[in-house]
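# Coordinate analysis (summary)
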Amino acid sequence: MQRVKDRVNWVFPAPEQGEIAYKSESGKVVVYPRRFHILIAYALSYFLWNMHTFRQTILTQEYAKYFDTTNEFNPSEGELGVDFMLLADSFYLVLMYPLAGYLVDRYGMVCIAYGSVGQAISTWWWYLSFDNFGSVLASRVLASMSGVMI
C-alpha cells in the first residue's frame, strides 16, 4: 500500500497543508494546480467514455447488418442482437459502480489510471474484432468494467 501512495505523491505531490486551497497573506484564496489536473483528466475521460458507450445507439441498423444479427434482444430465437450490447453495458455498470467507488476512494488516481488503460485496451480490442460479434461484446463488457473507474 505504501508503494501506491509513494507513486501518487510523486506524480501529484500533496501540498504541505493538506488542503486544496489556502489564503495568502493578502487574504486572497489560492487554489493548488493539482485540483485542475484532476478535473481535466476526469472531464476528458468522461467525455471519451460517453462517446465510446453511446455511439452505437444511433447506428443500430448499420451494426445489425454488419454483424449479421437483429436489432432486438431475442434469446428464444438464439439472437442476442445489437440491443444486447446496451443491456450488458447497463448490467455491468450497475454491478461495478459500488466496487469502483470503493476502489477509487481507496486508491485514488492509480485506480483511475488502471481504468483508463482498461478503456484503451477495450477500444483497441473492439477495433480489431472486425465483424466478430462475440468479441465486440466481450470488449464492451471490459469497457463497462473499467470505464466506471474513470
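Heads up: the structure comes first, above all this text.
By convention here, each chain's residues receive numbers from 1 onward along its written sequence. Per-residue local features are limited, in this predicted model, to residues with pLDDT of at least 70; the limit for side-chain atom pairs, both in listing and counting, is 80 or more; totals at the level of whole chains, interfaces and linings are taken over all residues. Here the side-chain values reflect all heavy atoms present in the structure, with hydrogen atoms and water set aside.

### Quick notes on the packing of aromatic side chains
- Only centres within 6.5 Å qualify two rings of Phe, Tyr or Trp (six-membered ring in Trp) as a pair; their planes then separate them into stacked at under 30 degrees, edge-to-face at over 60, and tilted for everything else. In total, this model carries five aromatic pairs according to the counting rule given.
- Each ring, one from tyrosine 63 and one from phenylalanine 67, has its centre 6.0 Å from the other, and the planes form 90°; the classification is edge-to-face. Note that tyrosine 63 and phenylalanine 67 are positioned in helix H3 (residues 60–67) at a spacing of four residues, about one turn of the helix. Phenylalanine 67 carries the same exposure label as tyrosine 63, and that label is buried. A run of DSSP states H or I qualifies as a helix once it reaches four residues; a run of E qualifies as a strand once it reaches two. Both are numbered from the N-terminal end. Accessible area is worked out with a 1.4 Å probe on protein chains only. A residue is then buried under 20% of its type maximum, exposed over 50%, and partly exposed in between.

### A few points about the environment of methionine 85
- Among the structural elements, methionine 85 can be located in helix H4 (residues 83–107).
- Residue methionine 85 is classed as buried on the basis of its relative accessible area of 0%.
- Expressed as a C-alpha distance, the spacing of methionine 85 and valine 136, which sit 51 residues apart in the sequence, is 8.7 Å.

### Observations concerning helix H5 (residues 109–128)
- The terminal C-alpha atoms of H5, which comprises 20 residues, lie 29 Å apart, in line with the 28 Å expected from a rise of 1.5 Å per residue.
- Directly beyond the C-terminal end of H5, a positive phi value near 55° is found at phenylalanine 130. Under the convention used throughout, the expected extent of a helix is 1.5 Å for every residue step, that is, one less than its residue count.

### Structural notes on helix H6 (residues 133–147)
- Spanning 15 residues, H6 covers 20 Å between terminal C-alpha atoms, matching the ideal 21 Å at 1.5 Å per step.
- Every buried residue of H6 is accounted for by Phe133, Ser135, Val136, Leu137, Ser139, Arg140, Val141, Ala143, Ser144, Ser146 and Gly147.
- In protein, a polar contact requires one atom able to donate a hydrogen and another able to accept it; more generally it is a pair of N or O atoms within 3.5 Å, and residues adjacent in sequence count only if both atoms are side-chain atoms. Where H6 starts, the residue carrying a side-chain oxygen 3.3 Å from the main-chain nitrogen of glycine 134 turns out to be asparagine 132.

### What to know about the side chain of serine 139
- In this fold, serine 139 is placed in helix H6.
- Throughout, a residue-residue contact means that at least one pair of heavy atoms, one from each residue, lies within 4.5 Å. In this view, serine 139 contacts Ser122, Trp125 and Trp126; residues no more than four positions away in its chain are not counted.

### Considering the packing of H4 against H6
- Axis lines are fitted to C-alpha atoms, over the contacting stretch for helices. Their N-to-C directions set the angle, which ranges from 0 to 180 degrees. Orientation of H4 relative to H6, taken along the N-to-C sense of each, is 30°, at an axis distance of 8 Å. Regarding the angle of H4 to H6, the classification is roughly parallel. Crossing angle aside, the handedness with which H4 passes H6 is right-handed. Each of Phe84, Met85, Leu86, Ala88, Asp89, Tyr92, Leu93 and Met96 in H4 lies in contact with H6, whose residues at this interface are Phe133, Val136, Leu137, Arg140, Val141, Ser144 and Met145.
- Gly is placed with the polar residues, together with every amino acid not listed as nonpolar (Ala, Val, Leu, Ile, Met, Phe, Trp, Tyr, Cys and Pro) or charged (Asp, Glu, Lys and Arg). Grouping the amino acids of the contact of H4 with H6 by side-chain chemistry returns 12 nonpolar, one polar and two charged. Should an angle fall under 35 degrees it is called roughly parallel, over 145 degrees roughly antiparallel, and 65 to 115 degrees roughly perpendicular, with every other angle called oblique. Crossings are assigned a handedness: left-handed for a near helix turned anticlockwise from the far helix by less than a right angle, right-handed for a clockwise turn.

### Considering the nonpolar core
- Residue types Ala, Val, Leu, Ile, Met, Phe, Trp, Tyr and Cys, when buried and joined through side-chain atoms within 4.5 Å, form a set referred to as a nonpolar core. By size, the foremost hydrophobic cluster in this structure holds 10 residues: Tyr63, Ala64, Phe67, Val82, Met85, Ala88, Trp126, Phe133, Val136 and Leu137.
- Broken down by secondary-structure element, the contributors of at least two residues to this core are H3, H4 and H6.
- Counting six residues, the second largest nonpolar core, distinct from the first, contains Met96, Ala100, Cys111 and Met149.

That is the geometry; function is a separate question.
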